[in-house]
Amino acid sequence: MTRCRIPLSLLAIAIAAALAPAYATDTTPNDQGAAPQQAADQTPAASTGQAPAKKKAATADQASTQNAVNLSGVVVTPLRESLQSAQTLKQDARMVVDSIVAEDIGKLPDNSVADALQRITGVQIAQGFQGETSSVVIRGLPNVITTLNGREIFSGVGRAFAFQNLPATAVKTVQVYKTSEASLPDGGIAGLVDMQLYRPLDFDGSKVAATLTGTHSKYGGHTDPNGSLLLSNRWSTDAGEFGALLNVGYDKQRYEYNAVWADFPKVLTGGNGTPIRASGGDLISVPNGWGADYNIGSRKRQEANYALQWKPNKDTEVYVEGLYTWDSDRYNQPYYFSFPVGVVNPSSLSVSNHCYADQLTGSPYYGQRICDASSGVWTGDTYAATSTQAHEQWGHDIQNSIGMKWHGDKLNLSTDLSFNSSSFHDQTFIVDTFLKGPITTVWNGAQNWTLGGNPQLNPSNYYLNGLFQTWNNQRGEQTAWRGDGTYDLGGDFFQYMDFGLRYSDHKAEYRGSVEISTPPPGGTGQIALNPNPANQVVARFPSGYFCSQPTTNAIPVSWLSGCYNFLVNNADAIRGLYGLPAGLAAENSGRFYHIQEKSYAGYLQFGYGNELFGLPYDGLMGMRVERVKRHLDAYSFDASSGIYSPLTASTSAPVYLPNLSFNLHLRDNLQLRVVAAKTLTYPGFGQLNPSISLNPGTINRAGAASSGNPNLKPIRSNNYDASLEWYFGPASYVSGGVFYRDINGYIQNYITDVVIGGQPYQLNSPQSAGSGHLGGAEFAYQQFFDFLPGVWSGLGAQFNYTYIEGSTRSPQYIGGPITASPLQNVSKNNYNAVLMYEKYGWSARLAYNYRSRYIQGFNQPTVAGVNDEIKPANQVDFSLGYDVNQNFTVVLNATNIFGANLHQWWGDGTTRPRDIRYQDRTLGLGVRFKM
């Protein structure tokens, strides 16, 4: 495999470009502003007592000059102060770190922690089908470890935390570590995200702060409240200094997230199975069918966090702190679809001039020229249906910890004991209904389609089909202890030594139900020309069953599906009608696993520094060693007999993770970083489950099967980073960097056509993809234009750009040829552009986020290949605040103000549409109070 490495000459060019303006400017080093003394204590390592990096390069006089504040009449305001704090964290960090800091108590730059992360250089996000950000990747990789106040936190049976579970109002700082060092927890080849909450000793005295906002969503059609309240105080007594803090938050959202889709592309055939060819003899590619998938629901999130601190003297601190989050979501997921292709001949058809070789492996037409159709009409005995999935979900994330820090003249020690508990529960109840034929499906191109004559509007046309129900319960628990220390060596080269130990006992358990579609009593009859009249929906349920569903630009006419409340409130009666017992479905052994994972880790690391050609330098060299002992309980599946049998497996393996960094201080405000480290990511717990879960097929689909792979190994990566950073003023800097990841064993999911028990299934399973690489470059710029006259001096701007390129050698499909293919989730071009203003009590931010097209995943082979690609919804957000007085602020927030939507295609190009997902627009008005 040929790998495209970023030439080191790019870095040399960047250095030269930065040095010229650096030495030409007349700005003194003072102008970079003060570095808050607590900044170094906000890193994950330092939160448990780790000492900050020591720069021996500068003399005491230089240090005092560097930390002096000379704002030349500029008033320090919340937005500027937050950007300055983030800049200081970046400048003083021992690694490559980017941060966001809350502008004020309860005010991150966006409505949620997950959304705010997208403003950080190199971080990309994506929304899930429930209308909120659910995916966060760093430089194109999803393998991220998450920490809260420096200690690991996770959600459900996952290894990472669901950022949407934590309200933005609770967070003080979010830091993204793009490089690793020995004192940081391992587990993320992409990086580490640490969320810092407020503590009482962060404030000078008592503090009361509250937020209250009403947010209206365009598609959700409601205005919903969210708010928070923080109470904090500190006291000086004969026994030392005490502090106590309590913060609570509440968020409600009624949402609507609609998607319209075209099914996988295939060779167009008539009702007799013979290909229908274009006039020139070419094959024709047409979607297998068309449909809609809406998600309409109401979600609540509640949060509480507390912190108690005691400092009996200036060298000792004892703390107890915790976080509790609860979430619940009730949502209706109605489906609407038609599958006429290959069942009857089209009555009209248009074909585009976009042609290519058929890529469906194993097909008798493989390699033949095929052209994409652009519209068509099908009429006859075909299948069209609607369905309602009624979901009820709830869960919690809890972390409590107790710890102590002690600072001596040369030795600093800390210890921390934490307890994590997380759960997630899902119950889904589904009733399918089909439409009496004949059906006319009119495809107008892309995802735009309708049914001729609109039979979907008449309740009498609907007949009962299958009942499907499923549930799953996820639980995760962890007890973790760590002890850390730093010893001041005081040498001319080796300056200090970091050391520490960590123990973790992590348990993950997943249970799920049997998943079978049960036909209605007496059967369906002949779908769709002669259905069973006894199962006409209005005959079985004379009133209250149907609800009218929303329209979209792609499907402008409404349709009917079961009402959410009717299904939930009458679930047992409907089960009885279908001959099923009351209550939830039975548990499925194939959807059970219990994994216990114990890890033992230790690290030793040296901080060094001196001068090179008169220029000060410093850095780290260290090693982290960890052994993981894993025990798995699950069930294996015998496809010939259909029997599940108990299975146990144990593994124990050590890992060695060295790191080396070098920071050269070209000037007090100009520095070069070079970092190399080994990192790894362990397979997800669900990915290790060896059993097979089966969901039998339907009239229009093969069955769905999924399994894990207990033989998966950790993903390993050799990471190389270099960055140049110039801090030329208060809240103002320019930085550029290059990075390279040499990855081995990247885990990707594959979909394979299999036959189990004589029935066709599409099996989704993870495999270690082999060797690969990811490389790229980053650029970031931030500045307030204080030199402008009058009102214009409040203007500021932020811009960051990340270029990413990567591939991996992996099978094209399981058992297929080894090919070099792009990595999933990697957008080559990513940037944020933000225009800011803060003056005269006004604070405004206009932000645009861009992420280029990327491969979402690899599917079963089709005529278009094995991948599908996404063009994200690149949106513009706006926020505005006005300080009525020093205690009271009015805020306005608007997201996706131009209504950007997400588009997805099968393969490359734009002639094989898959999804269009309608992203919501929100407008929020609220107040913040503090005293």
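See the structure printed just above.
Model, not experiment: these values are computed from the prediction. (Residues numbered from 1 in each chain as written. Predicted model: local features only at pLDDT ≥ 70, side-chain atom pairs only at ≥ 80, totals over all residues. Heavy atoms only, no water.)

How do you make sense of the sheet that holds strand β6 (residues 171-177) when you look at a structure like this?
By way of backbone hydrogen bonds, the strands of a sheet pair with one another, either parallel or antiparallel. The 5 strands lie next to each other as β1-β6-β7-β4-β5, forming an open sheet whose pairing is mixed. Here the strands that pair on one side only, and so sit at the sheet edges, are β1 (97-101) and β5 (151-152). Strand direction decides the pairing type here: β6 and strand β7 (residues 191-197), joined by 6 bridges, are antiparallel. Note that in β7 the partner of Val 174 across the bridge is Met 195. Strand contacts of helix α3 (residues 78-92): β1 and β6, with the helix running at about 160 degrees to β1, the strand carrying the most contacts. (Pairing = 2+ DSSP bridges. Helix = DSSP H or I, 4+ residues; strand = E, 2+ residues; numbered from the N terminus. Contact = heavy atoms within 4.5 Å. Axes fitted to C-alpha atoms, helices over the stretch in contact; angles between N-to-C directions.)

Help me out: how do you make sense of the pattern of salt bridges in this one?
Taken as a whole and assessed by the stated rule, the structure comprises 39 salt bridges. When the shortest N-O distance is used, the salt bridge between Arg 845 and Glu 103 registers 2.8 Å. A residue pair is termed long-range when its members are at least 10 positions apart, and Arg 845 in strand β41 (residues 842-851) and Glu 103 in the loop between β1 and α4 (113-117) qualify at 742 residues. Per residue, the accessibility class of Arg 845 equals that of Glu 103, and both read buried. The salt bridge partner of Glu 132 is Arg 299, with a shortest N-O separation of 3.5 Å. Of the two residues, Glu 132 is situated in the loop between β2 (123-127) and β3 (133-138) and Arg 299 in strand β13 (residues 290-313); the sequence distance between them amounts to 167 residues. Accessibility assignment for this pair places Glu 132 and Arg 299 in one class, buried. The structure contains a network of salt bridges with shared partners spanning Lys 90, Asp 98, Arg 139, Lys 178, Asp 721, Arg 741 and Glu 778. (Salt bridge = Lys/Arg side-chain N within 4 Å of Asp/Glu carboxyl O. Buried < 20%, exposed > 50% of the residue type's maximum accessible area, 1.4 Å probe, protein only.)

Hey, could you run me through unusual backbone geometry in this one?
Negative phi characterises most residues that are not glycine, and trans characterises most peptide bonds. Here the bond from Gly 437 into Pro 438 is cis, since omega is 0 degrees, no more than 30 degrees from zero. Note that the residue after Ile 527, namely Ala 528, is joined by a cis bond; omega there is 5 degrees. Mapped onto the secondary structure, Ala 528 falls in the loop between β23 (525-526) and β24 (530-531). Although it is not a glycine, Asn 149 adopts a positive phi angle of roughly 50 degrees. Looking at the element boundaries, Asn 149 is found in the loop between β4 (144-148) and β5. You will see that Tyr 840, though not glycine, has its phi angle at about 55 degrees, which is positive. Along the chain, Tyr 840 falls in the loop between β40 (829-839) and β41. Under the relative-accessibility criterion, Tyr 840 is labelled exposed at 56%.

Looking at this structure, how should I read the nonpolar core?
Nonpolar side chains in soluble globular proteins tend to end up buried together. The biggest cluster of nonpolar side chains holds 55 residues, and the ones touching the most others in it are Leu 117, Phe 163, Leu 166 and Met 195. Broken down by element, this core gets its largest block of residues, 4 residues, from α4. Setting aside residues up to four positions removed in sequence, Met 195 forms contacts with Val 113, Thr 147, Leu 148, Asn 149, Ile 153, Phe 161, Phe 163, Leu 166, Thr 173 and Val 174. Counting 43 residues, the second largest nonpolar core, distinct from the first, contains Trp 443, Leu 467, Ala 571 and Ile 574. (Core = buried A, V, L, I, M, F, W, Y, C linked by side-chain atoms within 4.5 Å.)

Which parts of the structure should I look at to understand the sheet that holds strand β32 (residues 703-707)?
Overall, mixed pairing links the 4 strands, which are arranged β31-β32-β36-β35 in an open sheet. Of all the strands in the sheet, the pair left with one neighbour each is β31 (692-695) and β35 (747-756). Strand-to-strand twist across the sheet, computed as the mean angle between neighbouring axes with direction ignored, equals 20 degrees. For β31 and β32, the ladder comprises 4 bridges, and the chain directions are antiparallel. Each residue of the ladder has a partner; that of Leu 694, found in β32, is Ala 705.

Is there a simple way to explain the packing of aromatic side chains in this structure?
Aromatic ring pairs are described here by two measures, namely the spacing of the ring centres and the angle between the planes. For the structure on display, the rule yields 34 aromatic pairs. When the centroid spacing of 6.0 Å and the interplanar angle of 65 degrees are considered together, the rings of Phe 592 and Tyr 635 count as edge-to-face. Taken together, the residues span a long stretch of sequence, with Phe 592 in strand β27 (residues 587-612) and Tyr 635 in strand β28 (residues 615-638) at a distance of 43 residues. The ring centre of Tyr 840 lies 5.4 Å from the NZ or CZ of Lys 839, which sits over that ring. The ring of Tyr 356 has Arg 912 sitting right over it, with the charged end atom 4.7 Å from the ring centre. (Phe/Tyr/Trp six-rings, centres within 6.5 Å; stacked < 30°, edge-to-face > 60°. Lys NZ or Arg CZ within 6 Å of the ring centre and 35° of its normal.)

Whenever I open this one, the state of the cysteines confuses me. Can you help?
Here is the idea: a disulfide is a covalent bond, and it sits between the sulfur atoms of two cysteines. As enumerated under the stated definition, the model contains 2 disulfides in all. A sulfur-sulfur separation of 2.0 Å characterises the disulfide bridge that pairs Cys 355 with Cys 371. On the S-S bond that ties Cys 355 to Cys 371, the torsion sits near 105 degrees, and the link is right-handed. With Cys 355 in strand β15 (residues 346-357) and Cys 371 in strand β16 (residues 369-380), this residue pair connects regions lying 16 residues apart in the sequence. According to the relative accessible area criterion, Cys 371 is buried, its value standing at 4%. At a sulfur-sulfur separation of 1.9 Å, the disulfide partner of Cys 547 is Cys 563. Across the S-S bond linking Cys 547 and Cys 563, the dihedral sits near 110 degrees, which makes this disulfide right-handed. In this pair, Cys 547 is assigned in strand β25 (residues 546-548) and Cys 563 in the loop between β26 (560-562) and α6 (564-569), connecting sequence segments 16 residues apart. (Disulfide = S-S within 2.5 Å.)

Purely spatial values, then, with no claim about function.
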